[in-house]
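So you can see what is in the structure, the chains are spelled out below.
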Amino acid sequence: MNPHRTGDGFTQAKRLVVKVGSSLLVDADRGTVHRQWLESLAADLARCRARGQEILVVSSGAIAVGRRYLGLADGHLRLDDKQAAAATGMMRLAHAYQEVLAHHDMTVAQVLLTLDDSENRRRYINARNTLLALLRMQAVPLINENDTVATDEIRLGDNDRLAARVAAMISADTLVLLSDVDGLYTADPRQNPDAVLVPEVRDITPEVEAMAGVARPGDGTGGMVTKLAAAKIAVAAGCRLLIANGRELHSLRRIERGAPGTWFLPRASPRTARKQWLAGSLKPAGALTLDGGAHAALKRGKSLLPAGVTAVEGRFLRGDVVIVKDPSGTEIARGLCAYPADDARLIMGHKTSEIEALLGYRGKDEIIHRDDLVMNG
Ligand code: GLU
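Report on the accompanying structure. (Residues numbered from 1 in each chain as written. Predicted model: local features only at pLDDT ≥ 70, side-chain atom pairs only at ≥ 80, totals over all residues. Heavy atoms only, no water.)

So, on to the site of the ligand. The environment of the ligand is made up of 10 residues, and the closest members are Ala62, Ile63, Asn144, Asp147 and Asn159. Within the backbone of Ile63, one N or O atom sits 2.8 Å away from an oxygen atom of the ligand. At a separation of 2.7 Å, an oxygen atom of the ligand approaches a polar side-chain atom of Asn144. Taking 300 Å² as the accessible area of the ligand by itself, protein coverage stands at 91%. Per-class residue counts for the shell around the ligand are two nonpolar, six polar and two charged. (Near = heavy atom within 4 Å. Polar contact = N/O pair within 3.5 Å; in protein donor to acceptor, adjacent residues only side chain to side chain. Areas by Shrake-Rupley, 256 points an atom, 1.4 Å probe, with all protein chains shown as cover. Nonpolar A, V, L, I, M, F, W, Y, C, P; charged D, E, K, R; others polar.)

Now the structure itself:
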(Lines give C-alpha, C1' and ligand atoms only; values in the text may rest on other atoms or scores of the structure.)
Protein backbone atom coordinates (compact mmCIF):
# COMPACT_ATOMS: atom_id res chain seq x y z
CA MET A 1 0.00 0.00 0.00
CA ASN A 2 1.29 3.43 -0.87
CA PRO A 3 1.50 5.15 2.51
CA HIS A 4 0.40 8.47 1.14
CA ARG A 5 -2.72 7.13 -0.48
CA THR A 6 -4.98 6.50 2.47
CA GLY A 7 -7.72 5.56 0.04
CA ASP A 8 -6.07 2.33 -1.09
CA GLY A 9 -6.19 0.65 2.28
CA PHE A 10 -9.78 1.67 2.62
CA THR A 11 -11.11 0.47 -0.72
CA GLN A 12 -9.18 -2.80 -0.42
CA ALA A 13 -10.81 -3.65 2.91
CA LYS A 14 -12.89 -6.79 2.85
CA ARG A 15 -14.34 -6.66 6.32
CA LEU A 16 -14.52 -3.10 7.50
CA VAL A 17 -15.34 -1.74 10.96
CA VAL A 18 -16.15 1.97 11.12
CA LYS A 19 -16.16 3.65 14.52
CA VAL A 20 -18.14 6.85 14.83
CA GLY A 21 -17.37 9.23 17.69
CA SER A 22 -20.12 11.06 19.60
CA SER A 23 -18.94 14.52 18.67
CA LEU A 24 -19.43 13.81 14.95
CA LEU A 25 -22.88 12.44 15.30
CA VAL A 26 -24.56 14.33 18.09
CA ASP A 27 -25.12 18.00 18.69
CA ALA A 28 -24.01 18.11 22.31
CA ASP A 29 -26.07 21.19 23.22
CA ARG A 30 -29.33 19.96 21.82
CA GLY A 31 -28.77 16.24 22.15
CA THR A 32 -29.93 15.64 18.60
CA VAL A 33 -28.42 13.50 15.89
CA HIS A 34 -26.71 15.37 13.04
CA ARG A 35 -29.07 14.01 10.47
CA GLN A 36 -27.28 15.25 7.39
CA TRP A 37 -23.99 13.88 8.60
CA LEU A 38 -25.54 10.50 9.30
CA GLU A 39 -27.20 10.46 5.90
CA SER A 40 -23.85 11.09 4.26
CA LEU A 41 -22.33 8.25 6.28
CA ALA A 42 -25.12 5.91 5.18
CA ALA A 43 -24.52 6.85 1.54
CA ASP A 44 -20.81 6.17 1.94
CA LEU A 45 -21.48 2.84 3.62
CA ALA A 46 -23.79 1.92 0.75
CA ARG A 47 -20.88 2.56 -1.64
CA CYS A 48 -18.74 0.20 0.41
CA ARG A 49 -21.47 -2.40 0.32
CA ALA A 50 -21.83 -2.01 -3.44
CA ARG A 51 -18.08 -2.71 -3.73
CA GLY A 52 -18.69 -5.95 -1.87
CA GLN A 53 -17.23 -4.86 1.46
CA GLU A 54 -18.66 -6.23 4.70
CA ILE A 55 -19.46 -3.41 7.10
CA LEU A 56 -19.86 -3.08 10.85
CA VAL A 57 -20.45 0.21 12.62
CA VAL A 58 -19.39 0.90 16.19
CA SER A 59 -21.19 4.05 17.21
CA SER A 60 -20.96 6.22 20.28
CA GLY A 61 -23.56 8.79 21.08
CA ALA A 62 -26.13 6.94 23.18
CA ILE A 63 -25.38 8.97 26.28
CA ALA A 64 -25.15 12.26 24.40
CA VAL A 65 -28.50 11.64 22.69
CA GLY A 66 -30.27 10.27 25.73
CA ARG A 67 -29.38 12.68 28.50
CA ARG A 68 -31.69 15.51 27.44
CA TYR A 69 -34.74 13.25 27.43
CA LEU A 70 -34.12 12.52 31.07
CA GLY A 71 -33.49 16.13 32.02
CA LEU A 72 -29.78 15.46 32.54
CA ALA A 73 -28.85 18.61 30.75
CA ASP A 74 -25.48 20.01 31.68
CA GLY A 75 -22.34 19.01 33.41
CA HIS A 76 -20.66 15.80 34.33
CA LEU A 77 -22.86 12.74 34.78
CA ARG A 78 -22.58 10.08 37.46
CA LEU A 79 -22.20 6.52 36.22
CA ASP A 80 -25.84 5.59 36.87
CA ASP A 81 -26.99 8.77 35.11
CA LYS A 82 -24.89 7.79 32.12
CA GLN A 83 -26.36 4.32 32.13
CA ALA A 84 -29.87 5.71 32.23
CA ALA A 85 -29.05 8.18 29.48
CA ALA A 86 -27.58 5.42 27.32
CA ALA A 87 -30.69 3.30 27.80
CA THR A 88 -32.95 5.93 26.30
CA GLY A 89 -30.36 7.26 23.87
CA MET A 90 -29.40 3.96 22.31
CA MET A 91 -32.85 3.26 20.92
CA ARG A 92 -33.03 6.72 19.42
CA LEU A 93 -29.58 6.31 17.96
CA ALA A 94 -30.41 2.89 16.54
CA HIS A 95 -33.60 4.27 15.08
CA ALA A 96 -31.71 7.06 13.34
CA TYR A 97 -29.27 4.54 11.83
CA GLN A 98 -32.16 2.30 10.82
CA GLU A 99 -33.83 5.13 8.94
CA VAL A 100 -30.80 6.37 7.05
CA LEU A 101 -29.57 2.88 6.13
CA ALA A 102 -33.05 1.82 4.99
CA HIS A 103 -32.80 4.44 2.24
CA HIS A 104 -30.04 2.29 0.81
CA ASP A 105 -31.86 -1.00 1.44
CA MET A 106 -29.56 -1.88 4.28
CA THR A 107 -30.80 -3.57 7.44
CA VAL A 108 -29.27 -2.56 10.73
CA ALA A 109 -28.96 -4.88 13.73
CA GLN A 110 -28.21 -3.54 17.21
CA VAL A 111 -25.52 -5.38 19.18
CA LEU A 112 -24.60 -4.21 22.67
CA LEU A 113 -21.41 -5.65 24.11
CA THR A 114 -19.45 -5.40 27.32
CA LEU A 115 -15.76 -5.94 27.95
CA ASP A 116 -16.71 -9.30 29.43
CA ASP A 117 -18.09 -10.44 26.11
CA SER A 118 -14.70 -10.17 24.50
CA GLU A 119 -12.83 -11.73 27.42
CA ASN A 120 -15.09 -14.55 28.48
CA ARG A 121 -14.58 -17.42 26.07
CA ARG A 122 -18.20 -18.59 25.86
CA ARG A 123 -19.61 -15.12 25.43
CA TYR A 124 -16.88 -14.28 22.97
CA ILE A 125 -17.87 -17.23 20.80
CA ASN A 126 -21.53 -16.22 20.96
CA ALA A 127 -20.82 -12.62 20.07
CA ARG A 128 -18.52 -13.66 17.22
CA ASN A 129 -21.06 -16.12 15.84
CA THR A 130 -23.86 -13.58 15.98
CA LEU A 131 -21.81 -10.92 14.24
CA LEU A 132 -20.67 -13.32 11.53
CA ALA A 133 -24.25 -14.51 11.03
CA LEU A 134 -25.41 -10.91 10.60
CA LEU A 135 -22.69 -10.27 8.04
CA ARG A 136 -23.67 -13.40 6.14
CA MET A 137 -27.23 -12.10 6.05
CA GLN A 138 -26.00 -8.74 4.76
CA ALA A 139 -27.15 -6.82 7.83
CA VAL A 140 -25.04 -4.00 9.25
CA PRO A 141 -24.26 -4.63 12.92
CA LEU A 142 -24.56 -1.39 14.91
CA ILE A 143 -22.44 -1.93 17.97
CA ASN A 144 -22.08 -0.01 21.20
CA GLU A 145 -21.04 -0.82 24.72
CA ASN A 146 -23.89 -2.19 26.80
CA ASP A 147 -23.77 0.77 29.15
CA THR A 148 -26.72 -0.42 31.26
CA VAL A 149 -24.87 -3.40 32.65
CA ALA A 150 -21.32 -2.18 32.24
CA THR A 151 -20.44 -0.88 35.68
CA ASP A 152 -17.04 0.60 36.38
CA GLU A 153 -15.18 -2.66 36.90
CA ILE A 154 -16.32 -4.21 33.65
CA ARG A 155 -16.64 -1.07 31.65
CA LEU A 156 -14.43 -0.48 28.68
CA GLY A 157 -15.56 3.11 28.70
CA ASP A 158 -14.45 4.07 25.25
CA ASN A 159 -15.58 2.85 21.91
CA ASP A 160 -12.15 3.14 20.28
CA ARG A 161 -11.04 0.08 22.16
CA LEU A 162 -14.43 -1.58 21.86
CA ALA A 163 -14.17 -1.20 18.09
CA ALA A 164 -10.68 -2.74 18.12
CA ARG A 165 -11.91 -5.67 20.18
CA VAL A 166 -14.78 -6.19 17.80
CA ALA A 167 -12.42 -6.02 14.82
CA ALA A 168 -10.20 -8.65 16.46
CA MET A 169 -13.17 -10.81 17.40
CA ILE A 170 -14.48 -11.08 13.85
CA SER A 171 -11.07 -11.03 12.10
CA ALA A 172 -11.76 -7.75 10.33
CA ASP A 173 -8.94 -6.53 8.13
CA THR A 174 -9.64 -2.79 8.46
CA LEU A 175 -10.84 -0.51 11.24
CA VAL A 176 -11.47 3.18 10.66
CA LEU A 177 -11.76 5.45 13.67
CA LEU A 178 -13.64 8.53 12.54
CA SER A 179 -12.79 11.25 14.97
CA ASP A 180 -12.38 15.00 15.18
CA VAL A 181 -8.64 14.96 14.46
CA ASP A 182 -6.81 14.22 11.21
CA GLY A 183 -4.67 11.51 12.74
CA LEU A 184 -1.57 11.12 14.86
CA TYR A 185 0.76 14.13 14.92
CA THR A 186 4.39 14.16 15.94
CA ALA A 187 3.30 16.40 18.82
CA ASP A 188 0.05 17.94 20.02
CA PRO A 189 -0.85 20.30 17.14
CA ARG A 190 -2.81 22.53 19.51
CA GLN A 191 0.36 23.31 21.38
CA ASN A 192 3.08 22.84 18.85
CA PRO A 193 2.83 24.57 15.45
CA ASP A 194 5.65 22.39 14.07
CA ALA A 195 3.69 19.19 14.62
CA VAL A 196 3.20 17.15 11.44
CA LEU A 197 0.81 14.34 10.65
CA VAL A 198 2.28 10.83 10.66
CA PRO A 199 0.79 9.00 7.63
CA GLU A 200 1.85 5.50 8.58
CA VAL A 201 2.95 3.63 11.69
CA ARG A 202 4.44 0.14 11.39
CA ASP A 203 5.64 -0.22 14.97
CA ILE A 204 4.07 1.32 18.02
CA THR A 205 7.35 2.30 19.62
CA PRO A 206 7.83 4.41 22.76
CA GLU A 207 8.44 7.38 20.39
CA VAL A 208 5.03 6.83 18.81
CA GLU A 209 3.45 6.57 22.26
CA ALA A 210 5.11 9.83 23.21
CA MET A 211 3.48 11.50 20.20
CA ALA A 212 0.06 10.59 21.56
CA GLY A 213 0.96 12.36 24.79
CA VAL A 214 -0.65 11.64 28.11
CA ALA A 215 -4.37 11.45 28.69
CA ARG A 216 -5.69 14.69 30.11
CA PRO A 217 -8.56 14.74 32.57
CA GLY A 218 -11.77 14.69 30.55
CA ASP A 219 -9.93 13.00 27.69
CA GLY A 220 -10.84 9.58 29.08
CA THR A 221 -12.85 8.59 26.07
CA GLY A 222 -11.72 9.26 22.58
CA GLY A 223 -8.32 10.89 23.13
CA MET A 224 -5.21 9.92 21.17
CA VAL A 225 -4.12 7.67 24.04
CA THR A 226 -7.18 5.45 23.72
CA LYS A 227 -6.77 5.45 19.94
CA LEU A 228 -3.26 4.14 20.34
CA ALA A 229 -4.51 1.48 22.74
CA ALA A 230 -7.07 0.53 20.08
CA ALA A 231 -4.35 0.44 17.43
CA LYS A 232 -2.32 -2.02 19.51
CA ILE A 233 -5.29 -4.36 19.88
CA ALA A 234 -6.13 -4.11 16.19
CA VAL A 235 -2.64 -4.68 14.75
CA ALA A 236 -2.02 -7.59 17.12
CA ALA A 237 -5.08 -9.18 15.54
CA GLY A 238 -3.81 -8.50 12.03
CA CYS A 239 -6.19 -5.60 11.41
CA ARG A 240 -4.97 -2.29 9.99
CA LEU A 241 -6.37 0.81 11.65
CA LEU A 242 -6.91 4.27 10.26
CA ILE A 243 -7.44 7.38 12.35
CA ALA A 244 -9.08 9.99 10.18
CA ASN A 245 -11.14 13.12 10.47
CA GLY A 246 -14.86 12.55 10.26
CA ARG A 247 -16.08 16.09 10.73
CA GLU A 248 -17.02 16.79 7.13
CA LEU A 249 -19.91 15.16 5.31
CA HIS A 250 -18.98 12.04 3.34
CA SER A 251 -15.87 11.46 5.36
CA LEU A 252 -15.49 7.88 4.14
CA ARG A 253 -15.64 9.02 0.54
CA ARG A 254 -12.99 11.60 1.38
CA ILE A 255 -10.80 8.84 2.79
CA GLU A 256 -11.32 6.89 -0.40
CA ARG A 257 -10.10 9.91 -2.32
CA GLY A 258 -7.00 10.28 -0.22
CA ALA A 259 -7.92 12.50 2.74
CA PRO A 260 -5.14 12.63 5.33
CA GLY A 261 -5.04 10.14 8.16
CA THR A 262 -2.74 7.81 10.06
CA TRP A 263 -2.58 4.12 9.18
CA PHE A 264 -1.36 1.62 11.73
CA LEU A 265 -0.21 -1.45 9.81
CA PRO A 266 -0.08 -5.01 11.14
CA ARG A 267 2.64 -7.53 10.33
CA ALA A 268 0.30 -10.46 9.77
CA SER A 269 -3.09 -10.95 8.16
CA PRO A 270 -6.12 -11.40 10.47
CA ARG A 271 -6.16 -15.08 9.55
CA THR A 272 -2.53 -15.63 10.45
CA ALA A 273 -2.87 -13.61 13.64
CA ARG A 274 -5.88 -15.65 14.70
CA LYS A 275 -4.09 -18.91 13.95
CA GLN A 276 -1.05 -17.76 15.96
CA TRP A 277 -3.34 -16.91 18.85
CA LEU A 278 -5.03 -20.28 18.56
CA ALA A 279 -1.77 -22.19 18.37
CA GLY A 280 0.03 -20.42 21.14
CA SER A 281 -1.91 -18.69 23.78
CA LEU A 282 -4.67 -21.04 24.87
CA LYS A 283 -4.38 -24.12 27.05
CA PRO A 284 -6.04 -27.21 25.54
CA ALA A 285 -8.82 -28.64 27.70
CA GLY A 286 -9.28 -31.95 25.91
CA ALA A 287 -8.67 -33.90 22.75
CA LEU A 288 -10.47 -35.34 19.75
CA THR A 289 -9.12 -38.36 17.85
CA LEU A 290 -9.89 -38.68 14.16
CA ASP A 291 -10.39 -41.52 11.73
CA GLY A 292 -8.27 -41.72 8.59
CA GLY A 293 -10.84 -40.02 6.37
CA ALA A 294 -11.17 -36.98 8.61
CA HIS A 295 -7.39 -36.76 8.95
CA ALA A 296 -7.04 -36.65 5.16
CA ALA A 297 -9.84 -34.06 4.90
CA LEU A 298 -8.15 -31.80 7.46
CA LYS A 299 -4.91 -31.96 5.50
CA ARG A 300 -6.84 -30.72 2.48
CA GLY A 301 -7.99 -27.71 4.50
CA LYS A 302 -11.49 -28.94 5.35
CA SER A 303 -13.43 -28.53 8.58
CA LEU A 304 -13.82 -31.39 11.03
CA LEU A 305 -17.25 -33.05 11.05
CA PRO A 306 -18.57 -35.15 13.95
CA ALA A 307 -18.60 -38.24 11.73
CA GLY A 308 -14.80 -38.28 11.60
CA VAL A 309 -14.26 -38.28 15.38
CA THR A 310 -13.58 -41.61 17.08
CA ALA A 311 -12.76 -40.51 20.63
CA VAL A 312 -13.29 -37.49 22.90
CA GLU A 313 -11.06 -36.92 25.91
CA GLY A 314 -11.28 -34.41 28.72
CA ARG A 315 -13.84 -32.01 30.08
CA PHE A 316 -14.30 -28.91 28.03
CA LEU A 317 -16.95 -26.38 27.16
CA ARG A 318 -18.08 -25.02 23.85
CA GLY A 319 -15.38 -22.78 22.44
CA ASP A 320 -12.53 -24.34 24.41
CA VAL A 321 -9.33 -25.33 22.68
CA VAL A 322 -8.82 -29.03 22.08
CA ILE A 323 -5.94 -31.05 20.69
CA VAL A 324 -6.72 -32.93 17.49
CA LYS A 325 -5.04 -36.34 17.11
CA ASP A 326 -4.60 -38.61 14.11
CA PRO A 327 -5.70 -42.28 14.33
CA SER A 328 -2.34 -43.22 15.88
CA GLY A 329 -2.80 -40.67 18.69
CA THR A 330 -0.28 -38.10 17.43
CA GLU A 331 -1.21 -34.43 17.81
CA ILE A 332 -1.79 -32.93 14.37
CA ALA A 333 -3.75 -29.76 15.11
CA ARG A 334 -5.48 -27.58 17.65
CA GLY A 335 -8.85 -25.99 17.38
CA LEU A 336 -11.87 -24.48 19.06
CA CYS A 337 -14.49 -27.15 19.60
CA ALA A 338 -18.01 -26.02 18.72
CA TYR A 339 -19.56 -28.46 21.22
CA PRO A 340 -18.98 -29.17 24.92
CA ALA A 341 -17.26 -32.49 25.70
CA ASP A 342 -20.43 -34.36 26.70
CA ASP A 343 -22.23 -33.36 23.53
CA ALA A 344 -19.15 -34.10 21.42
CA ARG A 345 -19.20 -37.66 22.84
CA LEU A 346 -22.83 -38.03 21.85
CA ILE A 347 -22.39 -36.89 18.28
CA MET A 348 -18.98 -38.40 17.49
CA GLY A 349 -19.15 -40.88 14.63
CA HIS A 350 -22.53 -39.54 13.57
CA LYS A 351 -23.63 -37.66 10.50
CA THR A 352 -24.20 -33.93 10.77
CA SER A 353 -27.87 -34.46 9.91
CA GLU A 354 -28.27 -36.52 13.09
CA ILE A 355 -26.98 -33.83 15.47
CA GLU A 356 -30.36 -32.34 16.25
CA ALA A 357 -31.97 -35.68 17.07
CA LEU A 358 -29.02 -36.66 19.26
CA LEU A 359 -28.70 -33.42 21.22
CA GLY A 360 -32.12 -31.86 21.02
CA TYR A 361 -30.73 -28.69 19.45
CA ARG A 362 -29.25 -27.72 16.15
CA GLY A 363 -25.66 -26.63 16.62
CA LYS A 364 -22.96 -26.12 14.04
CA ASP A 365 -22.46 -28.64 11.25
CA GLU A 366 -18.75 -28.78 11.99
CA ILE A 367 -17.35 -29.91 15.31
CA ILE A 368 -14.33 -27.71 14.54
CA HIS A 369 -14.68 -25.18 11.76
CA ARG A 370 -11.59 -24.76 9.60
CA ASP A 371 -11.32 -21.09 10.59
CA ASP A 372 -11.00 -22.31 14.18
CA LEU A 373 -8.38 -24.93 13.38
CA VAL A 374 -4.62 -24.67 13.13
CA MET A 375 -2.58 -27.58 11.81
CA ASN A 376 0.84 -28.33 13.35
CA GLY A 377 3.92 -27.72 11.29
N1 GLU B 1 -21.01 4.06 24.95
C2 GLU B 1 -20.97 5.49 24.99
C3 GLU B 1 -22.17 6.10 24.28
O4 GLU B 1 -22.68 5.56 23.36
C5 GLU B 1 -19.77 6.07 24.30
C6 GLU B 1 -18.41 5.71 24.70
C7 GLU B 1 -17.40 6.52 23.85
O8 GLU B 1 -17.74 7.63 23.44
O9 GLU B 1 -16.32 6.07 23.57
O10 GLU B 1 -22.62 7.18 24.59
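Further notes follow.
Another aspect to go through is the pattern of salt bridges. The tally for this structure, following the rule as stated, stands at 23 salt bridges. In this structure, Glu39 engages Arg35 in a salt bridge whose closest nitrogen and oxygen atoms are separated by 3.5 Å. Separated by four residues within a single helix, Glu39 and Arg35 lie in helix α3 (residues 35–50), roughly one turn from each other. The salt bridge involving Asp372 is made with Arg128; its shortest N-O contact spans 3.9 Å. Separated by 244 residues along the polypeptide, Asp372 in the loop between α15 (355–359) and β15 (373–375) and Arg128 in helix α7 (residues 121–136) bring together distant segments of the chain. The class for Asp372 is buried, based on a relative accessible area of 14%. When its relative accessible area of 8% is taken as the criterion, Arg128 is described as buried. (Salt bridge = Lys/Arg side-chain N within 4 Å of Asp/Glu carboxyl O. Helix = DSSP H or I, 4+ residues; strand = E, 2+ residues; numbered from the N terminus. Buried < 20%, exposed > 50% of the residue type's maximum accessible area, 1.4 Å probe, protein only.)

Moving on, we get to the packing of aromatic side chains. By the definition in use, this model includes one aromatic pair. Above the plane of the ring of Tyr69 lies Arg92, whose end atom (NZ or CZ) is 3.6 Å from the centre. (Phe/Tyr/Trp six-rings, centres within 6.5 Å; stacked < 30°, edge-to-face > 60°. Lys NZ or Arg CZ within 6 Å of the ring centre and 35° of its normal.)

Attention shifts here to the nonpolar core. For soluble globular proteins, the rule of thumb is that nonpolar side chains tend to be buried together. Ranked by internal contacts, the top residues of the largest apolar core, which has 46 residues, are Ile143, Leu175 and Leu241. If you look at the next biggest cluster of nonpolar residues, it comprises 39 residues, including Val26, Ala46, Ile55 and Val65. (Core = buried A, V, L, I, M, F, W, Y, C linked by side-chain atoms within 4.5 Å.)

Moving on, we get to the layout of surface pockets. One number sums up the size of the second largest pocket: a volume of about 690 Å³. Taken together, 29 residues make up the lining of the second largest pocket; nearest its centre are Arg128, Asn129, Leu132, Lys364 and Asp371. Counting residues per element, the ones that place at least two in the lining of the second largest pocket are α7 and α12 (270–280). Per-class residue counts for the lining of the second largest pocket are 12 nonpolar, six polar and 11 charged. (1 Å grid on protein atoms, 1.4 Å probe; cavity = no way out; pocket = protein on both sides within 12 Å on 5 of 7 lines; lining within 4 Å. Points joined across faces, edges and corners; volume = space filled by probe spheres on them.)

Strand order in this open sheet of five strands is β12-β11-β13-β14-β15, and the pairing throughout is mixed. Here the strands that pair on one side only, and so sit at the sheet edges, are β12 (309–314) and β15. Each neighbouring strand pair of the sheet contributes to a mean axis angle of 25°, computed without reference to strand direction. (Pairing = 2+ DSSP bridges. Axes fitted to C-alpha atoms, helices over the stretch in contact; angles between N-to-C directions.)

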